[in-house]
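Next come the chains, spelled out residue by residue.
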Amino acid sequence: MRIDENQGVSASSKHLVFAYYVTGHGFGHATRVVEVVRHLIAAGHDVHVVTGAPDFVFTSEIESPRLKIRKVLLDCGAVQSDALTVDRLASLEKYVETAVVPRAEILETEVEWLHSIKADFVVSDVVPVACRAAADAGIRSVCVTNFSWDFIYAEYVMAAGYHHRSIVWQIAEDYSHCEFLIRLPGYCPMPAFRDVIDVPLVVRRLHKSRKEVRKELGIAEDVNVVILNFGGQPSGWNLKEESLPNGWLCLVCGASETQELPPNFVKLAKDAYTPDIIAASDCMLGKIGYGTVSEALSYKVPFVFVRRDYFNEEPFLRNMLEFYQCGVEMIRRDLLMGQWKPYLERAVSLKPCYEGGINGGEIAAHILQETAIGRHCASDKLSGARRLRDAIILGYQLQRVPGRDIAIPEWYSRAENEIGQSAGSSPRVQANENNSLVESCIDDFDILQGDVQGLSDTCTFLKSLAMLDAIHDSEKSTEKKTMRERKAAGGLFNWEEEIFVARAPGRLDVMGGIADYSGSLVLQMPIREACHVAVQRNHPGKHRLWKHAQARQQAKGQVPTPVLQIVSYGSEISNRAPTFDMDLSDFMDGDEPISYEKARKFFAQDPAQKWAAYVAGTILVLMTELGVRFEDSISLLVSSAVPEGKGVSSSAAVEVASMSAVAAAHGLSISPRDLAILCQKVENHIVGAPCGVMDQMTSSCGEANKLLAMICQPAEVVGLVEIPNHVRFWGIDSGIRHSVGGADYRSVRVGAYMGRKMIKSMATSILSQSVSSANGGHPEELEDEGIELLETEASLDYLCNLSPHRYEARYADKLPDTMLGQTFIEEYADHDDPVTVIDQKRSYSVKAPARHPIYENFRVKTFKALLTSATSDEQLTALGGLLYQCHYSYSACGLGSDGTNRLVQLVQGMQHNKSKSEDGTLYGAKITGGGSGGTVCVIGRNSLRSSQQILEIQQRYKAATGYLPLIFEGSSPGAGKFGYLRIRRRISL
């Protein structure tokens, strides 16, 4: 199409030559550059576009001899492993290859070229080296963008290692050479630029009306149409007819010529003009990018989007979509499974309300022209690296998203010598005004202390907390049990007083499992699902008591005394009572707290209220272990998204969140480690479940996207292990209920402690015989055996302190496979486990439970070392092999189940099916936690293909068993990292 020379920017009296550099990050940048370039050419200027994009992107819209295209790629953007996942390490490595290694040659070439075309001005969207090349050539420059690569790559450096940080410093310094930034809506923090001019959306113009487009495509006006726009990525996806509501059509962009589509899907031509198609559609389904978002807003087309992993520009564009009521988020699982209907139906009910300008291309071109002829000037520059400090600090505050614990990178805080100042001295910054998620969850509360950290589940909990008054007065709910919970919670708090909120996640047992009570190294990942607890303390005279609690105190003839009232959501799922209350004086026996044994019997009186031991038990443990006395009444609300009986530590999450909230409300300072150990006492002694400490430690001390490495002797954290960018973990629930209080788990623990006692006894006997032999004249035998080694084994505290080779050499063939409880007691008196009791009439497996932790400790150490080794298929295969070994060792102990075995077999089948794509596969799986059901942990390559295989396993399991398993993916911070919130309800005047 030929440019109308009289349209857009008014012609300048001076003919100018612009060099316009375009990033290699997708077509979106090139398409918006077209709009700016079109207006510059219409004003009579020459524009040399430096790009890696195909010529047709520009020539289909601009036919003019003033447009010159130079095919050069000077950066690479973000490298994607698939349509929805950015490979952070590959992105940095590609940038090094493209822009860092040949940097000197690039600068020399670009300076020479700029002089050769007699460039008057340089524009960059948003190639860093272009700004430096312009400065070296003595030419002024400006950037036009909504994000900059220093901000995007900063998060990648966190994952890839601080040795890549020089990339970010160099990019920031390059940007600092430009005059100013022409900033587009939906922008990220970009303090590397000194001055900023904001412009409206830059949007490609429409060529045809909605009616014309539909007529050409043969689509009636009354037919609902969705355009599938994933940037040419969906060619390998399995599109399904039933994905669309009845009567709908889907127009597919980027489908391959050979791809067969269902009858309600229509393949668009490769040269189809996307803006016209979007404007003629009723909604769009795709991934977020500047082009898709700007066109959806401009044409008021609702956008159903799927998040992309590590695409750091996305949250800011998403906020803009949601602010203008133009966005509906679809979870990735539903995209892959074809569950589109509810999202599409929701989308067409939206009323997009963007009324801002869409002539950003024209305005940007005018600014560039005026600047080039000298009508804009800039002030003195600051150091780009100094401004980058602000970008990282601001960016990581605003970039917090559910399941990811974002913080200032360690390498950044260590870099003060490189930039001459401490990172801690950065200026205060304001939060993003468009961060609607966080703003909406705090509208009803003043947050006096703490930070929601951008966690959506915390925001949702606060919103539900604020709605309790309304729910208390409402009769709309059709679910009587749910209504009973909500009404009880509605009367729980005094809204004029402060409330304390804590959060603790469940955990996925990656390696270690039941070896924790034998002192093993374990590797645990805090999961996305978490428990929230809200606590308020009130003077007994001001406490809002439930009617039966009032009646109980009146019957005792008491003046108001401290009362504990608990409401727990989810009672209808677990068939338990939703409320629990007791006089806190019932925890006292005279001047001292009651014994744990008495408390266990107290909570066991009513099976429907036995759950309260996990919550109220934290109060008794604080009284017993720390000497705390509670003189005020306590109201406590529990809301947990960690499903029960799935082997992901739902009980630990409840215990840790409850104790954290109670401690915060009473001003108790307890370290995360100490709090975890106290919570283990709740489960061991009051609930009566003989668990190790790893569950509570992970829930309390864990960090998002890291494995907590801990030696359970008894609870020593040895570090946090970064999960490599190419590795991903999933949990798949078997549907078979798991309980650490179950008979199998308990008997295996008893067997392990029996084995330890026998090994100690054998070592003592060998040591005694060796000493006797030495005294008899054979000292070489004692030297060969090693007296120090035998002494250590004779006093063995933990089975995991015995090496596998030593176990095989000396003890393996002497341990019995099984032993009757009575026989063991007669020979050894006791197994020295404080939380289990031997049943004399029961036969216990001994050899397998004793062998498992010895070898598991070795496997975990190997796994940890491999996880940080060089990336390769061999690495992943070895990691997966260790998971399989662990799984079969569980089974040898008697802790397997048909369901978990089936899931592991499905993973193996998927791994070894040669017909499947090798890109993005699964490598191993194991049963987790206490075994005998629950969840299987799966390791695989971090890619879309792996996610598809997980979903395929889910469907195969359902076909075989009738049960659709839950899938756990993602991570979130532990209770210690979250801290607590101190909030007060805002009272409307």
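Residues numbered from 1 in each chain as written. Predicted model: local features only at pLDDT ≥ 70, side-chain atom pairs only at ≥ 80, totals over all residues. Heavy atoms only, no water.

S.K.: Lay out the overall build of the chain with the relevant residues and their values.
M.R.: Counting secondary structure elements, the chain contains 38 helices and 32 strands. Counting every position in the chain, which comprises 989 residues, the buried fraction comes to 58%. In the chain, once contacts between residues fewer than 6 apart in sequence are set aside, the share between residues at least 24 apart is 72%. When the accessible area of the chain is evaluated, it comes to approximately 39300 Å², of which 49% is carbon and sulfur surface. (Helix = DSSP H or I, 4+ residues; strand = E, 2+ residues; numbered from the N terminus. Buried < 20%, exposed > 50% of the residue type's maximum accessible area, 1.4 Å probe, protein only. Contact = heavy atoms within 4.5 Å. Areas by Shrake-Rupley, 256 points an atom, 1.4 Å probe, with all protein chains shown as cover.)

S.K.: So, the sheet that holds strand β13 (residues 283-287): which residues are in play, and what are the values?
M.R.: Taking strand neighbours across the sheet as the criterion, the six strands line up as β12-β11-β10-β13-β14-β15 in an open arrangement whose pairing is parallel. This sheet does not close on itself; its edge strands, each paired only once, are β12 (265-267) and β15 (327-329). With direction set aside, neighbouring strand axes in the sheet form an average angle of 25 degrees. Here strand β11 (residues 249-252) runs beside β12; their pairing, made up of three bridges, is parallel. In the sheet register, Val252 faces β12, and the bridge partner there is Lys267. (Pairing = 2+ DSSP bridges. Axes fitted to C-alpha atoms, helices over the stretch in contact; angles between N-to-C directions.)

S.K.: How would you summarise the sheet that holds strand β3 (residues 67-71) if you had to cite specific residues and measurements?
M.R.: Read across the sheet, seven strands follow the order β3-β2-β1-β6-β7-β8-β9 without closing on themselves; strand pairing throughout is parallel. The open sheet has two edge strands with one neighbour each: β3 and β9 (196-198). Across the sheet, the mean angle separating the axes of adjacent strands is 20 degrees when strand polarity is ignored. Pairing between strand β7 (residues 141-145) and strand β8 (residues 181-183): three bridges, direction parallel.

S.K.: Tell me what's going on with the packing of aromatic side chains, and back it up with residues and numbers.
M.R.: As enumerated under the stated definition, the model contains 23 aromatic pairs in all. Here the aromatic rings of Phe500 and Tyr980 are separated by 6.0 Å at their centres, their planes lie at 45 degrees, and the arrangement is tilted. Taken as a pair, Phe500 in strand β17 (residues 499-511) and Tyr980 in the loop between α38 (975-978) and β32 (981-985) lie far apart in primary sequence, 480 residues in all. Judged by its relative accessible area of 8%, Phe500 is buried. Residue class for Tyr980 comes out partly exposed when judged on its relative accessible area of 28%. Where Tyr807 meets Tyr855, the ring centres are 6.5 Å apart and the plane angle is 85 degrees; that geometry is what we call edge-to-face. One end of the pair, Tyr807, is in helix α32 (residues 804-811); the other, Tyr855, is in helix α34 (residues 847-867), with 48 residues separating them in the sequence. Take Tyr807 and Tyr855: they sit in the same class, and that class is buried. Feature note: the residues Tyr95, Phe147, Trp149, Tyr153 and Tyr156 constitute an aromatic cluster, connected by ring pairs. (Phe/Tyr/Trp six-rings, centres within 6.5 Å; stacked < 30°, edge-to-face > 60°.)

S.K.: Go over the packing of helix α36 (residues 898-912) against helix α37 (residues 944-961) with me, naming the residues and quoting the values.
M.R.: The description of two helices packed together rests on the angle between their axes and the distance between the axes. At their nearest, the axes of α36 and α37 sit 10 Å apart, and the two run at 135 degrees to each other. What the angle tells us is that α36 and α37 run oblique. Relative to α37, α36 is oriented so that their crossing is right-handed. Residues Gly899, Arg902, Leu903, Leu906, Val907 and Met910 of α36 form the contact with α37, whose own contacting residues are Gln949, Glu952, Ile953, Arg956, Tyr957, Ala960 and Thr961. A per-class count over the contact of α36 with α37 returns seven nonpolar, three polar and three charged. (Parallel < 35°, antiparallel > 145°, perpendicular 65-115°, else oblique. Left-handed = near helix turned anticlockwise from the far one by under 90°. Nonpolar A, V, L, I, M, F, W, Y, C, P; charged D, E, K, R; others polar.)

S.K.: Explain unusual backbone geometry residue by residue, including any values.
M.R.: The omega torsion of the bond from Asp125 to Val126 falls at -15 degrees, within 30 degrees of zero and hence cis. By the secondary structure assignment, Val126 is in the loop between β6 (121-125) and α5 (128-137). Residue Pro714 follows Gln713 across a cis peptide bond; omega there is 0 degrees. Along the chain, Pro714 falls in the loop between β24 (706-711) and β25 (716-722). Despite not being glycine, Asn705 has its phi angle at roughly 60 degrees, a positive value.

S.K.: Lay out the packing of helix α27 (residues 672-687) against helix α28 (residues 694-701) in plain terms, naming residues and giving numbers.
M.R.: Orientation of α27 relative to α28, taken along the N-to-C sense of each, is 140 degrees, at an axis distance of 8 Å. The orientation of α27 with respect to α28, classified from their angle, is oblique. The handedness of the crossing between α27 and α28 is right-handed. Across the interface between the two elements, Pro672, Arg673, Leu675, Ala676, Cys679, Gln680 and Glu683 of α27 pack against Gln696, Met697, Ser700 and Cys701 of α28.

S.K.: Outline the nonpolar core, listing residues and values.
M.R.: In this structure, Ile566, Phe587, Ile619, Phe630, Leu707, Phe729 and Phe863 are the most contacted members of the largest nonpolar core, which totals 77 residues. Residue contributions to this core peak at ten residues, all from helix α26 (residues 650-665). In terms of nonpolar packing, the next biggest core, distinct from the first, is built from 62 residues, Leu40, Ile62, Leu67 and Val123 among them. (Core = buried A, V, L, I, M, F, W, Y, C linked by side-chain atoms within 4.5 Å.)

S.K.: Provide a residue-level description of the environment of Val126, including the pertinent values.
M.R.: Here Val126 falls in the buried class, since its relative accessible area comes to 0%. If we ignore the near neighbours within four places in the chain, the residues touching Val126 are Thr23, Asp75, Cys143, Thr145, Phe147, Ser148, Trp149 and Tyr175.

S.K.: Break down the side chain of His543 for me, citing the residues and quoting the values.
M.R.: Examined against the element boundaries, His543 turns out to sit in the loop between β18 (521-538) and α22 (547-555). For His543, the side chain forms a polar contact with the side chain of Ser633, separated by 3.2 Å. Within polar-contact distance, the side chain of His543 engages the side chain of Ser635 at 2.7 Å. (Polar contact = N/O pair within 3.5 Å; in protein donor to acceptor, adjacent residues only side chain to side chain.)

S.K.: Can you tell me about α28, naming the residues and giving the values?
M.R.: Residue pairs spaced three or four apart in an α-helix point in one direction, given the helix's 3.6 residues per turn. Counting buried positions over the eight residues of α28 gives eight, a clear majority of the element. Along α28, the residues that are buried comprise Met694, Asp695, Gln696, Met697, Thr698, Ser699, Ser700 and Cys701.

S.K.: Now, about the environment of Gly940: what can you tell me, with residues and values included?
M.R.: Here Gly940 is to be found in strand β30 (residues 935-941). Dropping the residues within four chain positions of it, Gly940 is found in contact with His726, Val727, Arg728, Trp730, Thr921, Leu922, Tyr923 and Ser946.

S.K.: Account for the pattern of salt bridges, with residues named and values stated.
M.R.: As enumerated under the stated definition, the model contains 44 salt bridges in all. Note that Arg66 and Asp46 form a salt bridge whose closest N and O atoms lie 3.3 Å from each other. Residue Arg66 is found in the loop between α2 (56-59) and β3, and its partner Asp46 is found in strand β2 (residues 46-51); the two are separated by 20 residues along the sequence. Residue class for Asp46 comes out buried when judged on its relative accessible area of 16%. Between Glu597 and Lys601 there is a salt bridge, and its shortest N-O distance comes to 3.7 Å. Taken together, the residues Glu597 and Lys601, both in helix α24 (residues 596-603) and four residues apart, mark about one turn of the helix. According to the relative accessible area criterion, Glu597 is partly exposed, its value standing at 46%. (Salt bridge = Lys/Arg side-chain N within 4 Å of Asp/Glu carboxyl O.)

S.K.: So what's going on with the side chain of Glu110? Residues and values would help.
M.R.: Tracing the sequence through the fold places Glu110 in helix α4 (residues 103-116). Within polar-contact distance, the side chain of Glu110 engages the side chain of Arg70 at 2.9 Å. When near neighbours in sequence (up to four residues on either side) are disregarded, Glu110 contacts Tyr21, Arg70, Leu74 and Ala133.

S.K.: Please give an account of the confidence of the model for the chain that cites residues and values.
M.R.: Mean pLDDT over the chain: 85, with 85% of residues reaching 70 or higher. Low pLDDT, under 50, characterises residues 1-7; the predicted model gives this stretch 18 contacts beyond four residues in sequence or across chains. Long-range and interchain partners of residues 378-383, a stretch whose pLDDT sits below 50, account for 14 contacts in this model, where long-range means more than four residues apart. (pLDDT = per-residue confidence, 0-100.)

S.K.: Got a sec to walk through helix α10 (residues 290-298)? Specific residues and values, please.
M.R.: Of all nine residues in α10, nine are buried, a share of seventy percent or more. Within α10 the residues assigned to the buried category are Tyr290, Gly291, Thr292, Val293, Ser294, Glu295, Ala296, Leu297 and Ser298. Downstream of α10 by a residue or two, Lys300 has a phi angle that is positive, lying close to 55 degrees.

S.K.: Explain the environment of Val656 to me, and be specific about the residues and the numbers.
M.R.: Structurally, Val656 is set in helix α26. Aside from chain neighbours lying at most four places away, what touches Val656 is Ala504, Leu675, Cys679, Gln696, Ser699, Ser700 and Ala975.

S.K.: An account of the pairing of strand β20 (residues 579-583) is requested, with residue identities and associated values reported.
M.R.: Counting buried residues in β20 gives five out of five residues, a clear majority hidden from the surface. On β20, burial covers both faces: Thr579, Asp581 and Asp583 on one face and Phe580 and Met582 on the other are all buried. Bridging between strand β19 (residues 563-568) and β20 involves five bridges; their strand directions are antiparallel. Looking at β20, one finds that Leu564 is bridged to Met582.

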